[in-house]
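Report on the structure
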Amino acid sequence: MIAFVLSGGGNRGALQAGAIKALIGRSIYPDLIVGTSIGALNGVILAANPTLEGACCLAEGWQRIRRSDIFPGNALTVGWRVLTGQGSMHGRENFKRSVLNRLPPSARHFKDLQVPCLVTATSLATGRLRLFGEDPNERLIDAILSSTAIPPFYAPYLYKNEFLVDGALVANLPLSHAILRGARTIYTLEILDNVVSSSRFGLLQTLTSSLNALLNRQHEQERRTVALAHQRGITIHDIRLTSGQGLPYNDFTHGAALVSAGERAALECVSALPPRPLALAHLAQSLRGTFRALAARREAGAGPPPAAAG
């Protein structure tokens, strides 16, 4: 089983889109996708259409994103929200609309996805991981809005009487969930933040640096998970994605450059691997499609397809 594991990374999510495009272009298809935060958004979009066409659409979508689609407003509106106790710097209505527009109309629940997908969030009350996708009837939009609710930019997301926040706070690169579900080959698409040193910190710099420190601590734990996985014979291809520049959290003007950088990073990783026979890759993808179709028919109670005459 091949799994793609996607980390958080905010407006650098275009890096993952480029890496996914490169992997699919090399006939490397996932049987399972696990995503956190912006990786959850990318993962769900890919799971809805896990083809080269779908990967290209994902990458193109990142190049069309505007700041107002994700973080609407300006310094004045942000200040007003803070002073009036809105609970976050930005509203998420535009982001919700953008997410729904990027998903196929037929993909609204986890059972509608073409590839199994898991999304992480964090319980604000307990600090424990909340995993979406195990219940096929859960809504994709609930999972994505929960997993991307990073304070103080977005308010906690209320789901079934529980406030949830960004999954990256407890599992920025949720490798263990791919391993527990039987993945034997894992491609990690981890976005590594570039922390900019400064003698003076404004509010946003302080918040961003604090989050980076938390994620760096998780990075150490994830490396230990990698070491244990190798001991169990699991192959992990670690694709590390960096923007090469310190981008403000709400800067979405570098989509094309980030997509290209993600492609280069993924191709550099896979170029060192032995090439997969094209016929074998196509056969594997065809079998995956057949298994997904049979599973969908069983879910719908339609039974097996009729036998061919002859």
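Residues numbered from 1 in each chain as written. Predicted model: local features only at pLDDT ≥ 70, side-chain atom pairs only at ≥ 80, totals over all residues. Heavy atoms only, no water.

What to know about the pairing of strand β3 (residues 117–123)
Test applied: When accessible area is computed with a 1.4 Å probe and restricted to protein chains, residues below 20% of their type maximum are described as buried, those above 50% as exposed, and intermediate ones as partly exposed. Each helix is a run of DSSP H or I of at least 4 residues and each strand a run of E of at least 2, with the numbering of both proceeding from the N terminus. Being paired, for any two strands, means DSSP has found at least two bridges between them.
Counting buried positions along β3 yields seven of seven residues, so the element is predominantly enclosed. Side-chain alternation along β3 places C117, V119, A121 and S123 on one buried face and L118, T120 and T122 on a second face that is also buried. Examined bridge by bridge, strand β2 (residues 32–36) and β3 share four bridges and lie parallel to one another. Note on β3: the bridge partner recorded for T36 is T120. Alignment of β3 against strand β4 (residues 129–132), held across four bridges, turns out to be antiparallel. Looking at β4, one finds that T122 is bridged to L129. Between β3 and β4, which pair antiparallel and follow one another directly, the connecting turn spans five residues, one of which, G127, has a positive phi of 75°.

Quick word on the side chain of T36
Our working rule: We define a polar contact as two N or O atoms separated by no more than 3.5 Å, with the added condition that, inside protein, one atom must be a possible hydrogen donor and the other a possible acceptor, whereas residues neighbouring each other in sequence contribute only through side-chain atom pairs. Every residue pair with non-hydrogen atoms within 4.5 Å of one another is taken to be in contact.
By secondary structure assignment, the location of T36 is in strand β2. Taking relative accessible area as the criterion, T36 reaches 0% and is therefore assigned buried. Within the structure, T36 has its side chain in polar contact with the backbone oxygen of A171 (distance 2.8 Å). When near neighbours in sequence (up to four residues on either side) are disregarded, T36 contacts L6, S7, G8, T120, S147, D166, G167, A168, A171, N172 and P174.

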